[in-house]
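# Descriptive analysis of the structure
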Amino acid sequence: MLQEKEAHAAEMERSFIAIKPDGVQRGLIAEIISRFERKGFKLVAIKIVIPSKDFAQKHYHDLKERPFFNGLCDFLSSGPVVAMVWEGEGVIKYGRKLIGATDPQKSEPGTIRGDLAVVVGRNIIHGSDGPETAKDEINLWFKPEELTSYSSNTEKWIYGVN
Ligand code: GDP
Ligand code: MG
């Protein structure tokens, strides 16, 4: 049991997930949150913000050479974004599965982008693509005191350990 507990604690991770301005304007906040929540992931931080263009450029800094970079940053800063941190075993990789492929035309049905978006420039949601980016993005969007840490009674039913 102790080993299981230690393994569970070691697998725990956090991912930065954001509902982009198109997802907010289209009234998809609850739909998107519920997919992560029903899966069994835990929401540990959330806020709604309109990022500045400068901030959007920081968030997407690794894409600055791409032709769509300027339009993408204009878009991200064009309206409210729901910024979140979700916690759980494997949440970074599995979060990307829940989200689906970058281009909604290639996202499987059943994924968020597959079910709810049509074109790559309006794909409604962002999710960290690995442990390093997750750390950087959480630090960019949230102050340490905005991140909560709590246990929930459902965890023993989700993981079989608590
Ligand atoms: P993600 O991690 O799946 O969001 O994809 P990337 O990190 O590769 O790209 C970041 C965001 O840039 C995507 O979610 C899209 O909104 C946008 N993007 C990526 N590729 C293209 C493209 O070819 N054209 C346009 N217009 N936008 C793109
Ligand atoms: Mg990405």
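Quick notes on the rules
Residues numbered from 1 in each chain as written. Chains lettered and ligands numbered in written order. Predicted model: local features only at pLDDT ≥ 70, side-chain atom pairs only at ≥ 80, totals over all residues. Heavy atoms only, no water. Helix = DSSP H or I, 4+ residues; strand = E, 2+ residues; numbered from the N terminus. Rg over C-alpha atoms; globule rule 2.2 N^0.38 Å. Buried < 20%, exposed > 50% of the residue type's maximum accessible area, 1.4 Å probe, protein only. Contact = heavy atoms within 4.5 Å. Areas by Shrake-Rupley, 256 points an atom, 1.4 Å probe, with all protein chains shown as cover. UniProt positions renumbered as here; feature names shortened; annotations may be inferred. Near = heavy atom within 4 Å. Polar contact = N/O pair within 3.5 Å; in protein donor to acceptor, adjacent residues only side chain to side chain. Pairing = 2+ DSSP bridges. Axes fitted to C-alpha atoms, helices over the stretch in contact; angles between N-to-C directions. Phe/Tyr/Trp six-rings, centres within 6.5 Å; stacked < 30°, edge-to-face > 60°. Lys NZ or Arg CZ within 6 Å of the ring centre and 35° of its normal. Arc of directions from axis to C-beta.

## Digging into the overall build of the chain
The helix and strand tally for the chain stands at nine helices and four strands. Listing the helices and strands of the chain from first to last along the sequence gives α-β-α-α-β-α-α-β-α-α-β-α-α. Relative to its length of 162 residues, the chain is compact, with a C-alpha radius of gyration of 16 Å against a globular reference of 15 Å. For the chain, the spread of C-alpha atoms along the principal axes amounts to about 50 × 35 × 25 Å. Out of the 162 residues in the chain, the part that is buried amounts to 42%. Within the chain, contacts between residues at least 6 apart in sequence are counted, and of these 77% link residues at least 24 apart. Just so you have it, the chain exposes about 9200 Å², and 53% of that area is on carbon and sulfur atoms.

## Looking at the UniProt feature "binding site: ATP" (unreviewed entry) in the chain
Sites flagged by UniProt as "binding site: ATP" (unreviewed entry) map to Lys20, Phe68, Arg96, Thr102, Arg113 and Asn123. Note that phenylalanine 68 resides in the loop between helix 4 (53-59) and helix 5 (69-76). You can see arginine 96 is positioned in helix 6 (residues 91-99). What makes arginine 96 partly exposed here is its relative accessible area of 36%. Those residues in contact with arginine 96 that lie beyond four places of it in its chain are Gly127, Ser128 and Asp129.

## Some details on the site of ligand 1
Ligand 1 sits among Lys20, Tyr60, Leu63, Phe68, Leu72, Arg96, Thr102, Arg113, Val120 and Asn123. A distance of 2.8 Å separates an oxygen atom of ligand 1 from a polar side-chain atom of arginine 96. A distance of 3.0 Å separates an oxygen atom of ligand 1 from a polar side-chain atom of arginine 113.

## Things to note about the sheet that holds strand 2 (residues 42-49)
Ordered by their spatial adjacency, four strands build an open sheet running 2-3-1-4, and the pairing between neighbours is antiparallel. Of all strands in the sheet, those bounded by a partner on one side alone are strand 2 and strand 4 (125-127). On average, each strand axis in the sheet is inclined to that of its neighbour by 20 degrees, with strand direction left out of account. Strand direction decides the pairing type here: strand 1 (residues 12-19) and strand 4, joined by three bridges, are antiparallel. In the sheet register, isoleucine 17 faces strand 4, and the bridge partner there is glycine 127. Across the sheet, helix 6 lies against strand 1, strand 3 (81-89) and strand 4, angled at about 35 degrees from strand 1, the strand it touches most.

## Concerning the packing of aromatic side chains
One pass over the structure, following the stated rule, counts five aromatic pairs. Their ring planes at 65 degrees and their centres at 6.4 Å tell us that phenylalanine 16 and phenylalanine 142 sit as a pair that is edge-to-face. One end of the pair, phenylalanine 16, is in strand 1; the other, phenylalanine 142, is in the loop between helix 8 (131-141) and helix 9 (155-159), with 126 residues separating them in the sequence. The pair phenylalanine 16 / phenylalanine 142 is uniform in exposure class, with both members buried. Within the aromatic cluster, the residues linked to one another by ring pairs are Phe16, Phe55, Trp141 and Phe142. Against the face of tyrosine 150 rests lysine 42, its NZ or CZ located 4.9 Å from the ring centre. The positively charged end of lysine 47 is found above the aromatic ring belonging to phenylalanine 142, 4.7 Å away from the centroid.

## Notes on helix 3 (residues 29-39)
Among the residues of helix 3, Ile32, Ile33, Arg35 and Phe36 are the ones counted as buried. In a view along the axis of helix 3, the buried residues occupy a sector of 150 degrees, so they form one face of it. Exposed and facing more than 90 degrees away from the buried side of helix 3 are Ala30, Glu37 and Arg38. Tucked inside the fold, the buried residues of helix 3 contact strand 1, strand 2, strand 3, helix 6, helix 7 (112-116) and strand 4.

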